[in-house]
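# Coordinate inspection notes
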Amino acid sequence: MKETLLLFALPDKSIRNDIRNLLTPMKVQIIYVEKPKYNRTLASLAGLHPMKELPLPYDGPEFDTPLMIFAGIPDAKLGLIIDALKSYEKCSFPLKAVMTETSRNWAAAYAYLHIKAEHEALHPEV
């Protein structure tokens, strides 16, 4: 599996390009996921397998916070990536997660709701 970062709800192309420039030397594939694809599984978005039947485009609300999902990145390298992103001051990314064997089958919209709820439970003051 290619080491991949899935980015959601980050409409600013200059920030997306900055992240790409920051992580390309680390050989991480960056995929920006557009809203119509939010009902696809994380595994299909990361390129692990094509979807057999493409669902209708997602028509729910846009995510209100940017989300990063890391897929196939070893723990040691993930630490380096997180450190690099912390040094990037243009955008805050409170919602970050690693794709697991369980979450790989989740639709992106479901993953977002789950990760956001978990973040809010851990950081009630935010």
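Because the structure is predicted, anything quoted here is derived from the model rather than measured.

Analysis parameters
- Sequence order as written defines residue numbering, which begins from 1 separately in each chain.
- At least 70 in pLDDT is required for a residue's local features to be given in this predicted model, at least 80 for side-chain atom pairs to be given and counted, and no such filter applies to totals for whole chains, interfaces and linings, which use all residues.
- No hydrogens and no water enter the side-chain calculation; it runs on all heavy atoms of the structure.
- Working definition: with a 1.4 Å probe on protein chains only, accessible area under 20% of the residue-type maximum means buried, over 50% means exposed, and in between means partly exposed.
- In this text, helices come from DSSP runs of H or I with a minimum length of four residues, and strands from runs of E with a minimum of two, each type numbered from the N-terminal end.
- The rule for pairing is simple: two strands pair if DSSP sees at least two bridges between them.
- Throughout, right-handed denotes a crossover for which the path from the first strand over the helix to the second runs clockwise when the strands point away from the viewer.
- For this analysis, a nonpolar core means a set of buried residues of the types Ala, Val, Leu, Ile, Met, Phe, Trp, Tyr and Cys, connected via side-chain atoms within 4.5 Å.
- Residue contacts are counted whenever heavy atoms from the two residues lie within 4.5 Å of one another.
- In protein, a polar contact requires one atom able to donate a hydrogen and another able to accept it; more generally it is a pair of N or O atoms within 3.5 Å, and residues adjacent in sequence count only if both atoms are side-chain atoms.
- The convention used is that axes are lines fitted to C-alpha atoms, helices contributing only their stretch in contact, and that angles between N-to-C directions extend from 0 to 180 degrees.

The element strand E1 (residues 4–8) is largely enclosed, with a buried count of five among its five residues. Of the two faces of E1, the one carrying Thr-4, Leu-6 and Phe-8 and the one carrying Leu-5 and Leu-7 are both buried. The pairing of E1 with strand E2 (residues 29–33) spans five bridges and is parallel. From the neighbouring strand, Leu-7 faces E2, where its bridge partner is Tyr-32. Taken together, E1, helix H1 (residues 13–23) and E2 constitute a β-α-β crossover, and its handedness is right-handed. Pairing of E1 with strand E3 (residues 67–71), which is carried by five bridges, proceeds in the antiparallel orientation. By the bridge assignment, Leu-5 is partnered in E3 with Phe-70.

This part covers the nonpolar core. Counting residues in each nonpolar core, the largest one holds 22 residues, and the members touching the most others are Leu-6, Phe-8, Tyr-38, Leu-42, Phe-63, Leu-67 and Ile-69. When residues of this core are traced back to their parent elements, those giving at least two are E1, helix H2 (42–45), E3, strand E4 (95–98) and helix H4 (108–122). Counting residues per element, this core draws most heavily on H4, at five residues. Sequence-distant contacts of Leu-6, defined by excluding residues within four places in its chain, comprise Ile-31, Val-33, Leu-42, Leu-45, Ala-46, Leu-67, Met-68 and Ile-69.

All right, on to the side chain of Glu-3 then. Relative to the elements of secondary structure, Glu-3 occurs in the segment before E1. Given a relative accessible area of 18%, Glu-3 falls into the buried group. A polar contact of 2.4 Å, which involves the side chain of Glu-3, links it to the side chain of Lys-77. The contacts of Glu-3, once residues within four sequence positions are left out, are Met-26, Lys-27, Val-28, Gln-29, Ala-71, Gly-72, Ile-73, Pro-74 and Lys-77.

With that settled, the discussion passes to unusual backbone geometry. Backbone phi values are negative for most residues with the exception of glycine, while trans is the configuration of most peptide bonds. For Ala-9, which is not a glycine, the phi torsion comes out positive at approximately 55 degrees. Take Ala-9: it is sitting in the loop between E1 and H1.

Within the open sheet, the four strands sit side by side as E2-E1-E3-E4. Their pairing is mixed. Lying at the two open borders of the sheet, with one neighbouring strand each, are E2 and E4. Shown here is a sheet whose adjacent strand axes are inclined to one another by a mean of 20 degrees, direction ignored. Taken strand by strand, helix H3 (residues 75–86) contacts E3 and E4, and its axis lies near 155 degrees from that of E3. Sitting on the sheet, H4 touches E1, E3 and E4, and the angle it makes with E4 is about 115 degrees.

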